[in-house]
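Structural description and commentary
Listed here are the chains, written in short residue letters.
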Amino acid sequence: MAKKVGVSEATVSRVLNGKPGVSAATRQAVLSALDVLGYERPTQLRGDRARLVGLVLPELQNPIFPAFAEVIGGALAQLGLTPVLCTQTKGGVSEADYVALLLQQQVSGVVFAGGLYAQADAPHDHYRLLAERNIPVVLVNAAIEHLGFPAVSCDDAVAVEQAWRHLASLGHERIGLVLGPGDHMPSARKLTAARAVAGHLPDEFVARAIFSIEGGHAAASRLIDRGVTGIICASDPLALGAIRAARRKGFGVPSQVSVVGYDDSAFMNCTEPPLTTVRQPIEAMGRAAVEVLNAQIGGVAVPSEELLFEPELVVRGSTAQAPRD
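Residues numbered from 1 in each chain as written. Predicted model: local features only at pLDDT ≥ 70, side-chain atom pairs only at ≥ 80, totals over all residues. Heavy atoms only, no water.

The name given to the protein chain in an unreviewed UniProt entry is LacI family DNA-binding transcriptional regulator, with Streptomyces javensis as the source organism.

And the structure:
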C-alpha cells in the first residue's frame with residue numbers, strides 16, 4: 001500500500017488508524033489505493049465514500065464502448081474521481097455481480113454505458129438496489145421507463161430519420177432495418193421513427209439480430225432475399241455484417257445494395273468501402289454524463305430526465321444511387 005501511494009508505512013498506518021498528522025491529499029490517496037487494491041476500509045473510515053466511480057460496459061468488442069470509456073474515464077479523472085471499469089463477458093461476471101462489488105467498495109457513483117437497463121425483458125433488481133442505497137447513477141442511451149435515473153442519450157429517432165432520408169434521396173424505395181432484439185429500447189425507438197418517416201414499413205423489411213458482425217450478416221441476408229436495396233443498421237458492426245452478406249450473395253456495395261451504420265466508431269472510415277454511418281456525439285455525451293453524476297455526488301438534486309443529443313449523418317462510400325430495375 002505504501003509503495004503504491006509513495007509514502008511511508010508509518011503514514012499509511014496513521015491514515016488507517018485515524019491518527020492526525022497527515023495532509024488531506026495524502027489521506028485521500030491512501031484511501032483510494034485501499035479501494036483500488038480491493039481492501040475493505042477500517043470501520044471508522046467507512047463513513048467516507050470512496051472517490052471511485054463504477055463504469056459498467058456491456059462489452060469491448062464494439063469499438064463504441066471503449067470510446068465511451070475513454071471519454072468518461074478522462075472526464076472523471078479531471079474531477080479527481082477514479083473510474084473502475086466493469087466489462088461483462090459471456091459466462092463471466094454479470095452486471096448484478098459488478099453492482100454488488102461496487103457497493104462493497106463504497107463507490108461514489110456508477111455510470112452505465114450500455115447494459116440491461118436498455119432491455120425490457122432483462123432483470124433489473126440491481127438498479128433498484130442502487131436506488132435504495134441512494135447511489136448516484138447515470139445511464140447512457142435509451143433505458144426502460146420507471147428506473148428513476150437521469151440519462152444521456154443520442155436521439156435514435158433523428159438518427160433513423162437522417163439515414164432514411166439519405167437513402168430515399170438516392171432513389172431507394174425498398175429500405176430495410178437491421179435492429180437489435182425486440183426488447184431493446186434504442187432499437188424500439190429507431191423502429192418507431194422509421195415507421196413514421198416511411199409512412200408504411202412492411203414487417204418483412206425489419207430484421208432482428210444480436211449485436212455482432214455475424215448477427216448483421218444473418219439479418220441482412222434475409223432482407224436482401226426480400227428485395228431490399230438500402231439497409232439501415234442499429235450499429236456499425238451490424239452494418240459491416242450487412243456488407244459482408246451482400247458480397248457473399250454476389251451484390252456490389254454500394255452499386256446494388258447501400259448500407260448505413262450507426263455510431264461512427266473507430267476505423268469506420270478505413271473499411272472497404274468506407275462506411276456511411278450516423279455519428280453519436282460521444283465526447284459531448286460522455287462529458288455530460290460525468291457532469292450529471294458529479295452534481296449528484298455533490299448533493300445536487302438532479303431530475304431523472306433524459307438529455308437528448310443530436311446525431312450527425314456521415315456520408316462515405318457504402319451508399320449510392322439505387323440500382324435501376
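1. Structural notes on the overall build of the protein chain
A count of helices and strands for the protein chain gives eleven helices and twelve strands. Principal-axis analysis of the C-alpha atoms gives the protein chain an extent of 80 × 35 × 35 Å. Taking all 325 residues of the protein chain together, 51% fall into the buried category. Pairs at least 24 apart in sequence give 71% of the contacts found in the protein chain among residues at least 6 apart. When the accessible surface of the protein chain is summed, it comes to about 14,800 Å², and 52% of that surface belongs to carbon and sulfur atoms. Computed over 28 positive and 32 negative side-chain charges, the separation of the two mean positions in the protein chain equals 5 Å. (Helix = DSSP H or I, 4+ residues; strand = E, 2+ residues; numbered from the N terminus. Buried < 20%, exposed > 50% of the residue type's maximum accessible area, 1.4 Å probe, protein only. Contact = heavy atoms within 4.5 Å. Areas by Shrake-Rupley, 256 points an atom, 1.4 Å probe, with all protein chains shown as cover. Lys, Arg positive; Asp, Glu negative; His and termini not counted. Charge placed at Lys NZ, Arg CZ, Asp CG, Glu CD.)

2. Some points on the environment of V7
Position of V7 among the secondary structure elements: in the loop between α1 (2-5) and α2 (9-16). Considered as a pair, V7 and A29 are 22 residues apart in the sequence and their alpha carbons are 9.8 Å apart.

3. Considering the packing of helix α7 (residues 156-169) against helix α8 (residues 185-198)
Relative orientation of the contacting elements α7 and α8 amounts to 45 degrees, with a least axis distance of 8 Å. The pairing of α7 with α8 is recorded here as oblique in orientation. Classified by chirality, the crossing of α8 by α7 is right-handed. Residues D156, A157, V160, W164 and R165 of α7 touch α8, and the partners they reach there are P186, R189, K190, A193, A194, V197 and A198. In the contact of α7 with α8, the residues fall into eight nonpolar, no polar and four charged. (Axes fitted to C-alpha atoms, helices over the stretch in contact; angles between N-to-C directions. Parallel < 35°, antiparallel > 145°, perpendicular 65-115°, else oblique. Left-handed = near helix turned anticlockwise from the far one by under 90°. Nonpolar A, V, L, I, M, F, W, Y, C, P; charged D, E, K, R; others polar.)

4. Focus on the sheet that holds strand β7 (residues 206-208)
Strand order across the open sheet formed by six strands is β7-β6-β8-β9-β10-β12, with mixed pairing between neighbours. At either margin of the open sheet sits one strand with a lone partner, and together these are β7 and β12 (312-314). Put simply, the sheet's adjacent strands are angled 20 degrees from each other on average, direction ignored. Here three bridges tie strand β6 (residues 175-179) to β7, and the two strands are oriented parallel to one another. (Pairing = 2+ DSSP bridges.)

5. Topic: the side chain of S153
On the secondary structure map, S153 appears in strand β5 (residues 151-154). Accessibility expressed as a relative area gives 0% for S153, which makes it buried. Of the polar contacts made by the side chain of S153, one reaches the side chain of E306; its length is 2.5 Å. If we ignore the near neighbours within four places in the chain, the residues touching S153 are N141, A142, M285, E306, L307, L308 and F309. (Polar contact = N/O pair within 3.5 Å; in protein donor to acceptor, adjacent residues only side chain to side chain.)

6. Side note on helix α10 (residues 236-248)
Relative to the 18 Å expected for 13 residues at 1.5 Å per residue, α10 spans 18 Å between its end C-alpha atoms, a close match to the ideal helical length. Among all positions in α10, only D236, P237, L238, A239, G241, A242, I243, A245 and A246 are buried. Close packing links the buried residues of α10 with β6, α9 (213-225), β8 (230-233), β9 (258-263) and β10 (276-279). Two or three places before L238, at the start of α10, stands the capping residue S235, its side-chain oxygen 3.2 Å from that residue's backbone nitrogen. (Expected span 1.5 Å × (residues − 1).)

7. Looking at the packing of aromatic side chains
Centre-to-centre distance and the angle between the planes together describe a pair of aromatic rings. Scanning all chains against the criterion turns up three aromatic pairs. Note on F112 and Y117: the rings are 6.3 Å apart at their centroids and 75 degrees apart in plane angle, and the pair reads as edge-to-face. One exposure class covers both F112 and Y117, and it is buried. Ring centres of F112 and Y127 lie 5.1 Å apart, and the angle between their planes is 65 degrees; this geometry places the pair in the edge-to-face category. Of the two residues, F112 is situated in strand β3 (residues 109-112) and Y127 in helix α6 (residues 125-132); the sequence distance between them amounts to 15 residues. Each of the two residues, F112 as well as Y127, counts as buried. (Phe/Tyr/Trp six-rings, centres within 6.5 Å; stacked < 30°, edge-to-face > 60°.)

8. A look at unusual backbone geometry
A cis amide bond links V253 with the next residue in sequence, P254, at an omega value of 15 degrees. Take P254: it is sitting in the loop between α10 and β9. Backbone torsion omega between E272 and P273 reads 0 degrees, so that peptide bond is classified as cis. With respect to the helices, strands and loops of the structure, P273 is situated in the loop between β9 and β10. With a phi angle near 60 degrees, N134 is a residue other than glycine that sits in the positive phi range. The exposed category is assigned to N134, whose relative accessible area is 65%. Phi at D263 is positive, roughly 130 degrees, even though this residue is not glycine. Of note, D263 is situated in strand β9.

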